[in-house]
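An overview of the molecular structure
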Amino acid sequence: MSSLSRELVFLILQFLDEEKFKETVHKLEQESAFYFNMKHFEDLVQGGEWDEVEKYLSGFTKVEDNRYSMKIFFEIRKQKYLEALDRHDRAKAVEILVKDLKVFASFNEELFKEITQLLTLENFRQNEQLSKYGDTKSARNIMLMELKKLIEANPLFRDKLNFPPFKVSRLRTLINQSLNWQHQLCKNPRPNPDIKTLFTDHSCAAPTNGARAPPPANGPLVGPIPKSAAFPPMGAHAPFQPVVSPSPNAIAGWMTNANPSLPHAAVAQGPPGLVQPPNTAAFLKHPRTPTSAAGIDYQSADSEHLMKRMRVGQPDEVSFSGASHPANIYSQDDLPKQVVRSLNQGSNVMSLDFHPVQQTILLVGTNVGDIGIWEVGSRERIAQRTFKVWDIGSCTLPLQAALMKDAAISVNRCLWSPDGNILGVAFSKHIVQTYAFVPNGELRQQAEIDAHIGGVNDIAFSHPNKTLSIITCGDDKLIKVWDAQTGQKQYTFEGHEAPVYSVCPHYKESIQFIFSTAIDGKIKAWLYDCLGSRVDYDAPGHWCTTMSYSADGTRLFSCGTSKDGDSHLVEWNETEGAIKRTYSGFRKRSLGVVQFDTTRNRFLAAGDEFLVKFWDMDGTNILMTTDCDGGLPASPRLRFNREGSLLAVTASDNGIKILANTDGQRLLRMLETRAYEGSRGPQQINTKPPIVNTLGSVSNVSSPMAGNSERPDRVLPTVSMSGLASMDVSRTPDVKPRLTDESEKVKTWKLADIVDSGHLRALRMPDTTTLSKVVRLLYTNSGVALLALGSNGSHKLWKWQRSDRNPGGKSTASVAPQMWQPANGILMTNDTTDGNPEEATACIALSKNDSYVMSASGGKVSLFNMMTFKVMTTFMAPPPAATFLAFHPQDNNIIAIGMEDSTIQIYNVRVDEVKSKLKGHSKKITGLAFSQSMNMLVSSGADAQLCVWSIDGWGKEEIKIYPNSSKSFWSFSW
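Reading the values: the criteria
Residues numbered from 1 in each chain as written. Predicted model: local features only at pLDDT ≥ 70, side-chain atom pairs only at ≥ 80, totals over all residues. Heavy atoms only, no water. Helix = DSSP H or I, 4+ residues; strand = E, 2+ residues; numbered from the N terminus. Buried < 20%, exposed > 50% of the residue type's maximum accessible area, 1.4 Å probe, protein only. Contact = heavy atoms within 4.5 Å. Polar contact = N/O pair within 3.5 Å; in protein donor to acceptor, adjacent residues only side chain to side chain. Lys, Arg positive; Asp, Glu negative; His and termini not counted. Salt bridge = Lys/Arg side-chain N within 4 Å of Asp/Glu carboxyl O. Core = buried A, V, L, I, M, F, W, Y, C linked by side-chain atoms within 4.5 Å. Phe/Tyr/Trp six-rings, centres within 6.5 Å; stacked < 30°, edge-to-face > 60°. Lys NZ or Arg CZ within 6 Å of the ring centre and 35° of its normal. Pairing = 2+ DSSP bridges. Axes fitted to C-alpha atoms, helices over the stretch in contact; angles between N-to-C directions. Parallel < 35°, antiparallel > 145°, perpendicular 65-115°, else oblique. Left-handed = near helix turned anticlockwise from the far one by under 90°. Nonpolar A, V, L, I, M, F, W, Y, C, P; charged D, E, K, R; others polar. Expected span 1.5 Å × (residues − 1). pLDDT = per-residue confidence, 0-100.

**Considering the overall build of the chain**
Across its full length, the chain carries 16 helices and 49 strands. Put simply, the chain has 974 residues, and 51% of those count as buried. A separation threshold of at least 6 residues defines the contact pool for the chain, and within that pool the share at least 24 residues apart is 55%.

**Here we look at the environment of Glu-442**
Within the secondary structure, Glu-442 sits in the loop between β10 (431–437) and β11 (443–450). A polar side-chain atom of Glu-442 sits 3.5 Å from a polar atom in the side chain of Arg-444.

**Side note on the side chain of Lys-657**
Take Lys-657: it is sitting in strand β30 (residues 655–660). Buried and unpaired, Lys-657 has no salt bridge, with Asp-629 as the nearest side chain of opposite charge at 5.6 Å. In this structure the side chain of Lys-657 is engaged in a polar contact, spanning 2.7 Å, whose partner is the backbone oxygen of Cys-628.

**Here's the deal with the nonpolar core**
Core analysis: the largest hydrophobic core is formed by 39 residues, its most contacted members being Phe-36, Phe-41, Leu-57, Tyr-81 and Leu-101. At the level of elements, α3 (38–46), α4 (50–58), α5 (67–86), α6 (90–101), α7 (109–117) and α8 (136–153) are the ones that each hand at least two residues to this core. Aside from chain neighbours lying at most four places away, what touches Leu-57 is Phe-36, Phe-41, Ile-72, Phe-73, Ile-76 and Phe-157.

**Observations concerning the packing of aromatic side chains**
Applying the stated criterion across every chain yields a total of 25 aromatic pairs. Each ring, one from Phe-163 and one from Phe-166, has its centre 5.7 Å from the other, and the planes form 50°; the classification is tilted. Here the aromatic cluster, defined as three or more aromatic residues joined through ring pairs, consists of Phe-10, Phe-34, Tyr-35, Phe-163 and Phe-166. We note Lys-799 situated over the ring of Trp-820; from NZ or CZ to the ring centre the distance is 4.1 Å.

**Some thoughts on the sheet that holds strand β29 (residues 646–651)**
Taken in spatial order, the four strands line up as β3-β30-β29-β28 in an open sheet, and their pairing is antiparallel. Two strands bound the open sheet, and with one partner strand each, they are β3 (338–344) and β28 (638–640). The mean angle between the axes of side-by-side strands here comes to 20°, regardless of whether they run parallel or antiparallel. Here β28 pairs with β29 via three bridges, running antiparallel. Residue pairing for β29: Arg-639 is matched across the bridge by Ala-648.

**Some points on unusual backbone geometry**
Cis geometry marks the peptide bond from Pro-878 to Pro-879, where omega comes out at -5°. Note the cis peptide between Pro-879 and Pro-880, where omega equals -10°. One non-glycine residue with positive phi stands out, namely Cys-628, at about 55°. Along the chain, Cys-628 turns up in the loop between β27 (622–626) and β28. Non-glycine residue Met-876 carries a positive phi angle of around 60°. By the element assignment, Met-876 lies in the loop between β40 (871–875) and β41 (882–887).

**So, the packing of α5 against α6**
Their axes nearest at 8 Å, the elements α5 and α6 cross at an angle of 165°. With respect to each other, α5 and α6 are oriented roughly antiparallel. As for the relative orientation of α5 and α6, their crossing is left-handed in sense. Residue-level contacts link Phe-74, Arg-77, Lys-78, Lys-80, Tyr-81, Ala-84 and Leu-85 of α5 to Arg-90, Lys-92, Ala-93, Ile-96, Leu-97, Asp-100 and Leu-101 of α6. Classifying every residue of the contact of α5 with α6 by side-chain character gives eight nonpolar, no polar and six charged.

**Regarding α5**
End to end, α5 covers 28 Å across 20 residues, agreeing with the expected 28 Å (1.5 Å per residue, within 8%). The buried fraction of α5 is high, at 14 of 20 residues. One side-chain oxygen of the residue at the start of α5 lies 3.0 Å from the amide nitrogen of Tyr-68, identifying that residue as Asn-66.

**A few points about the pattern of salt bridges**
In total, this model carries 32 salt bridges according to the counting rule given. The salt bridge involving Arg-534 is made with Asp-529; its shortest N-O contact spans 2.9 Å. Taken together, the salt bridges that share partners define one network made up of Arg-555, Glu-571, Lys-580, Arg-581 and Asp-618.

**Digging into the sheet that holds strand β22 (residues 567–573)**
Here four strands make up an open sheet; going across it, the order is β20-β21-β22-β23 and the pairing antiparallel. For this open sheet the edge positions go to β20 (544–549) and β23 (578–583), each flanked by a neighbour on one side alone. Strand-to-strand, the axes of this sheet are offset by a mean angle of 30°, without reference to chain direction. Summarising the sheet, strand β21 (residues 556–561) and β22 pair through six bridges and their orientation is antiparallel. Counterpart to Ser-558 in the pairing with β22 is Val-570.

**Details of the pairing of strand β38 (residues 852–857)**
Across the six residues that make up β38, a large majority, six, are buried. Here β38 shows no split at all, with Tyr-852, Met-854 and Ala-856 on one side and Val-853, Ser-855 and Ser-857 on the other all buried. Here strand β37 (residues 842–846) pairs with β38 via five bridges, running antiparallel. Bridged to Ile-844 within β38 is Ser-855. Here β37 hands over to β38 after five residues, with Asp-850 in that stretch at a positive phi of 65°. Of the strand pairs in this sheet, β38 and strand β39 (residues 861–865) are connected by four bridges, and their pairing is antiparallel. Counterpart to Tyr-852 in the pairing with β39 is Asn-865. Taking the residues between adjacent antiparallel strands as the criterion, β38 and β39 are bridged by three residues, where Gly-858 takes a positive phi near 95°.

**Some details on the environment of Asp-135**
Along the chain, the position of Asp-135 falls in the loop between α7 and α8. Looking at Asp-135, the relative accessible area reads 44%, which means it is partly exposed. Counting along the chain gives 49 residues from Asp-135 to Asp-86, while the straight-line C-alpha distance between them is 9.1 Å.

**Things to note about the confidence of the model for the chain**
Residue-level pLDDT values for the chain average 76, and 75% of them are 70 or greater. Here residues 962–974 is a poorly scored stretch, pLDDT under 50, and it has 22 contacts once near neighbours within four places are set aside; other chains count.

**Some remarks on the packing of α5 against α8**
Packing of α5 against α8 leaves a shortest axis separation of 9 Å and a crossing angle of 170°. Here α5 is positioned roughly antiparallel relative to α8, judged by the angle of their axes. Contacts between α5 and α8 involve Tyr-68, Lys-71, Ile-72, Glu-75, Ile-76, Gln-79, Glu-83 and Asp-86 on the former and, on the latter, Thr-136, Ala-139, Arg-140, Met-143, Leu-147, Leu-150, Ile-151 and Ala-153. Of the residues contributing to the contact of α5 with α8, the split by class is nine nonpolar, two polar and five charged.

**Overview of the environment of Cys-186**
Topologically, Cys-186 is positioned in the loop between α9 (170–184) and α10 (278–281). Residue classification places Cys-186 among the buried residues on the basis of a relative accessible area of 8%. For Cys-186 and Ala-205, which are 19 residues apart along the polypeptide, the C-alpha to C-alpha distance reads 8.9 Å. Ignoring sequence-local partners within four residues, the contact set of Cys-186 consists of His-202, Ser-203 and Cys-204.

**A short note on α3**
Along an α-helix, a turn takes 3.6 residues, which lines up residues three or four apart on a common side. Among the nine residues of α3, seven are classified as buried, and the element is accordingly described as predominantly covered. Inspection of α3 places Met-38, Lys-39, His-40, Phe-41, Glu-42, Leu-44 and Val-45 among the buried residues, and these make up the whole buried set. Packing partners of the buried residues in α3 comprise α2 (22–32), α4, α5 and α8. Where α3 begins, one side-chain oxygen reaches toward the backbone nitrogen of Lys-39, 3.2 Å away; that side chain belongs to Asn-37. Immediately downstream of α3, the backbone of Gly-48 shows phi near 70°, a positive value.

What follows is the structure, encoded as structure tokens:
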């Protein structure tokens, strides 16, 4: 096959992947043997789909090809055989032995006999070589690492493991260019060509009146061919819909032209022009295309900078496999489902939004027009505003009349701007107000907009013209765009025939647009112009619907409820305007309009049936539910923080519940222990603000709560989960954080002084075993158990059980835990030296999933199974003795061991080998900590020195900190 034909296969693979034809993609990979998709192979292996694993491999190699291939197939079939034995399915094991493993007998007969003898054992782990075999999942992961090394070393896979880098939607771009050439060669080019097929060359029909149509704006004599113009839809059965390319002439199939109403499953038909006529070509450009360069995709440098800033984490060139398969694998443990805070706003909460940067700051709006800002870590309300009209003289007469008739007003939506410096509030009568948010918690009035006649139902922020704008929609069936700083109106969109319920702005490449939904169930889409809606579809349920994109902007979802109470949560195929996936699990008749949110590019959550329900984006069935310990309304409102570690849920009795996952709990615990410099007087927050005339001059400053609630002396922490746990790499650029910046942010923190014994709770652990001094103590990562290491080298484990007093089964001083031992009665006891073990330096570490504990008490390092307490292995006999231990965050087989001789050993347990020996300290190691987000290992020594080591090559960045001195300096050595 020629090189061009080979490249065409790659283009087809990219197209199929973008269209989500996953099975077809992998079939073509296998049949062409041009690209081995390691991520797909890993998924098959981890899922135990052994037949599919071998079928996929067969496209690239056979058992007899070379020794690498033979080893690959042997490892796979051996694992399949061991799993059958582990399930006690001996019939299946015999079948695998005869059909799959016997082929290797001719190469190594002794090995085949040994494998056969495993059938005679009650548990194959009785075989010495298999005694360290763990559970199925860990065994598959260990085997997978070995397979990857074999594949990378196999010459048959050379040049097949990396997908060639090229622009997204490259095949579409080439077709676009071809259509432009064909149109320019037409004898009778029409300004709005109707292209319905790719099966034949395009040719415009001659004008019926005999007149020649005007030439296209980008003809050969006028200017160059656009780099990648978008071609229009080609009818309901066309295989292609245009994806937006850098030349913004359409919006991904939905942004075509004003269309007649279509059911949601239909594909948009009708031709926008291949080459836009003069009166429409310019409005799709931002900024306007200069007349001297017609047809050229023009953007200023500032505009390009803005687009790049808005598309952080979306590179220009992407790898085929990386674009569709994120590296992170999530589990239910990533969902925030443990109630950790309960707040009381004082009135019914109507809207919630977490600050995009300071992720424990929560903005709330209520049914009496109040807005409040909470620091959920400390449970403090740091700002409060009651509703009032700032300038009654500038208000329209309808607004004044409405307020005089009925002064009651509610917040319909409150929202932070993308940078968190501005917040917007939409009210149930006419008004939108924006505030500037100062980091000390102060709110400053910024703009008041008399936006709509009737209620303002939703607001959103966007950057259509390089500056921040606020989008509003209302009962008057209009959508309007305003300057967020000045309140000056920029655009008005008309076309809905019912009150507009929600807006969802977004962008594709350099095209910015807005989706809107109305209470008649219509979905429309608008460019920032005055040429009407580009889309007219029906939302499921035909009533109140909201739309939202996933955090990375690649997937579109909507959730709505019909007048009959039927709720619908769906994912849309943007390209076709059709529903791609419908999620099940809603109550037959929902008691209210269901609200939803997305997080981590993986999970969906909705409030329904007095519960919070979670879905995996790639599934359709409910993943899990939580009642948040009770007290939820029928359809609670909810909101995730940016990293998905916290979830705010509205509760009955004017409450808000904060749910957290492990990372969120760690974040809140850290903030609980922080106190801020500067004294504060006693706080008195009136949770029920006084009722004042909304047209009057009573200001928030003079209200009983304002003086104490705003806390102008308070400095809010800028805390990111990146400092606490592994981040979602699909949501952050691959840039090493600057340690100096982080250190500047935490300068103002200090540990809180506990001056009242009432702040303390004591609990004695029940213990029926031999008493010894506790030298090391740590919680398990799940937070449900406590592990202690005694001076005699023995370990003790206490677990909190689920009960009426402790329904979550979490660690607490209110309920005593139970001392836990496995049924076999084994104790976890370290190897100790012949001397006094109490004089040895004890150290202990837990694996990330709490499956293994690694420990030392002056002797060898021991690795224990936490379920059975059995010793998996021992290693590193002294001298020197181990003084500190740490598991690698991504691989439990890699362990960092700090030594008494000041070195750090990077040890691979699986192969029993020291991979690297780090030297930089002059005295024994006193601490080790991995940072997955920074890709670093930090070590501390008794020499008062910190060293930072790169995990990639174990190179060193050194920080020296001198005792009794505030000075520190960096010196780098790699």
